[in-house]
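Tertiary structure, described
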Amino acid sequence: MGNTIRVRVAVAGALTAVAATGAVIGGQPADARAVATAGHVQTSIKWGECPELAPGAKRNPGQTCGTVKVPLDYRRPGGETITVAVSRIATAKPGKKRGDLLFNPGGPGLGGLDMPGQMALTLPKGVLDSYDLIGFDPRGVGHSTPMSCGLTDSSFLSVFPYPGAGGSIEGSATAARAVAKQCATIGDKLRFFNTANTARDMDRIRQALGARKISYWGQSFGTYLGAVYTSLFPRKTDRMVLESNVDPAKAWAKMLNTWNQGMNDRFPDAARVAASNDTELGLGGTVDEVTDTFLTLADRLDRKPAAVPGTPAVINGALLRAITYQMLLHNETLAPLTQFWKAAADLSAGKAPTDAGVAVLKQILADTAAEPGVPADNQVTMALALMCGGHHLVARRGLLRRGHLGRPCGVPAERRHAQQHPVVRVLVHEAGRAAGQGHLARSA
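Each chain has its residues counted from 1, running along the sequence as written. Local features are withheld for residues below a pLDDT of 70 in this predicted model, meaning they are given only at 70 or higher, and side-chain atom pairs are given and counted only at 80 or more; totals for whole chains, interfaces and linings count all residues. Where side-chain values are given, they derive from all heavy atoms of the structure, hydrogens and water being excluded.

**Examining the overall build of the protein**
Only runs of H or I of at least four residues qualify as helices and only runs of E of at least two qualify as strands under DSSP, and these elements are numbered from the N terminus. Each helix and strand in the protein was counted, giving 18 helices and ten strands. To sort residues, take the accessible area from a 1.4 Å probe on protein chains only and compare it with the maximum for the residue type: under 20% means buried, over 50% means exposed, and anything in between is partly exposed. For the protein, the residues scored as buried account for 50% of the 444 residues in total. Contact definition: two residues touch when any of their heavy atoms are within 4.5 Å. Taking the intrachain contacts of the protein between residues at least 6 apart in sequence as the baseline, contacts between residues at least 24 apart amount to 69%. Surface summary for the protein: the accessible area is close to 19700 Å², and the carbon and sulfur share equals 52%. Here the Shrake-Rupley method, with its probe set to 1.4 Å, supplies the accessible areas, and only the displayed protein chains count as covering residues.

**Digging into the packing of helix α9 (residues 259–276) against helix α11 (residues 287–303)**
Any two packed helices are characterised by how steeply their axes cross, that is the angle between the axes, and by the distance between the axes. Fitting a line to C-alpha atoms yields each axis, with helices limited to the stretch in contact; the angle taken between N-to-C directions then spans 0 to 180 degrees. Two elements in contact, α9 and α11, have axes whose closest approach is 8 Å; the angle formed by their N-to-C orientations is 105°. One finds that α9 runs roughly perpendicular with respect to α11. Here α9 contributes F267, P268, A271, R272, A274 and A275 to the contact with α11, which in turn contributes V287, V290, T291 and F294. Ten residue types, Ala, Val, Leu, Ile, Met, Phe, Trp, Tyr, Cys and Pro, are classed as nonpolar, four, Asp, Glu, Lys and Arg, as charged, and the remainder, Gly among them, as polar. In terms of residue class, the contact of α9 with α11 is made up of eight nonpolar, one polar and one charged. Reported orientations rely on four angle classes, namely roughly parallel under 35 degrees, roughly antiparallel over 145, roughly perpendicular from 65 to 115, and oblique for the rest.

**Points about a positive patch on the surface**
A contiguous patch of positive charge on the surface is contributed by R212, K213, R235 and K236. Tracing the backbone shows K236 in the loop between α7 (221–232) and β6 (237–243). Two distance rules govern patches: like charges are joined within 9 Å, and nonpolar side chains (Val, Leu, Ile, Met, Phe, Trp, Tyr) within 5 Å, applied only to residues with over 30% relative accessible area and no salt bridge. What counts as a salt bridge is simple: a side-chain nitrogen of Lys or Arg found within 4 Å of a carboxyl oxygen of Asp or Glu. We score Asp and Glu as negative and Lys and Arg as positive, and we do not count His or the chain ends. Taken as the charge location is NZ of Lys, CZ of Arg, CG of Asp or CD of Glu.

**Considering the packing of α9 against helix α13 (residues 334–348)**
One can describe the packing of α9 onto α13 by two numbers: an axis separation of 9 Å at closest approach and a directional angle of 75°. In terms of orientation, α9 and α13 fall into the roughly perpendicular class. Each of R266, F267, D269, A270, A271, V273 and A274 in α9 lies in contact with α13, whose residues at this interface are L334, A335, L337, T338 and W341. Among the residues making up the contact of α9 with α13, the classes are represented as nine nonpolar, one polar and two charged.

Spelled out as C-alpha cells, the structure:
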C-alpha cells in the first residue's frame, strides 16, 4: 500500500451540508480567536467563522466556531496554554433552550469540530430545539494545537501492523520501536495530551459557555472520555449518552484484546450478504463457504499482493483485513464490502474486476484530501498518545479514581503490536492457531 493511500469508508446517506469557510490565521479565523489570559479561566467564546475545510468537504452553514484557551499542564494552570477549537449550532428556539450538548466521535484521535452539523441531520426536532450543539477538536487533534510525531507514513497499517507470515511479530516490534523513537522527540509535550486533560478541557469549555452543567454524547473512545469527565466532574454532568462503550477498567491493551469477539460475532452478517448474492459474487452460498473463501483469499494476498490497475495501491492480506474491519462497522457498508471482496479475489486471480468492483475500489482506496493546517500524521500521533501515553484511571468503588498516573499501555511493545487488531486472531489463521481462539481462524 502506498504511503498516500488511506482507507475511506463511505457510509450510505453520508452527512452533507453546505460549506461555510473563511480566511484562517494560525489554524483559526482571526475573528474567532479566544480572548483569555494565561492562568485565568475563560468565561466566554467569540463565535465566528470555522477553519478551512479539506477540498471537497462540506459543513453546515449554521455552524460557527471559536476557541478556548486551556493550560497545557493543569498542575501549572498559570503556565503554558494551548488552544482548543470549539463549534456551535445554536438552537433555533433560544426560549426553549435546556442546555448545551457536547459531542465526541471517538477514535481515539478523531476531530469533532464538525459533529454539530453532522448530528443535526439525524437528531429529533425536540433535541435541536432544546440544546445548543457543541463540537470540539480534542487537545492535540485537528485544529486544537495539533500534534505530530513527524511520521512519514501516517497510515494506521504502518503504525499498527499485522503479524507477518506464521504469526511473526518481528516486523511489528521493529515498527513499534521506530515510531516510539520518533514520537519521543515531542514526548515532553505529548505526555500532556491525554484523556484526563481532555476531560478537564471539556469543563473549561463548559465554563466558557457559561453553563452550570453540560450534556454529552460520546461514541467509542468518546465513551471513555465521558466516563472520565463524569468521574472528575460529577456535579457538572447533566444528561449523557455513551454509545459503543469502552470498558474504563480495560483501557487500553485489555480493551483491544476484546475486539476479536466483536469481529467473530459480526463477520457472519457480511458473509450472509455475500452468500445471498452468490450468483453474482461467487464467494460461496453459505456463511461457512464465504468465510473459507475469505480466509483463503487473505492467505493468498499475504503471499502475493495484488496491484490495483491505474493506482499506486496494492492489496495485501493486511489491507484486506483492515478494510473488512472498517466496513463491518455499519450495516450500510456490508454490501459494498462484499463487492470489495469480489474485486480483491478477481485481482488476486489475475482477472479484471467487474464494473461494481472497480467502483468500490475507487471509492475505498481514494486519497483523503488533507485538511489545511493539520499534519498528515495527526490522527495516528494522537491515537498513540491517548492509548499509550495518557493517564490510566482505574475502577474503584464504582467510580474512576482521580489523579492516578498509570503506566503507558502496560504491555511490552512486542506483545502490544501483536494484539493491536481484533482481526489478528480471527482472520490470520496462523495467529489464530497460536491464540487458540476466534472462529474465523482455521483449525490447526
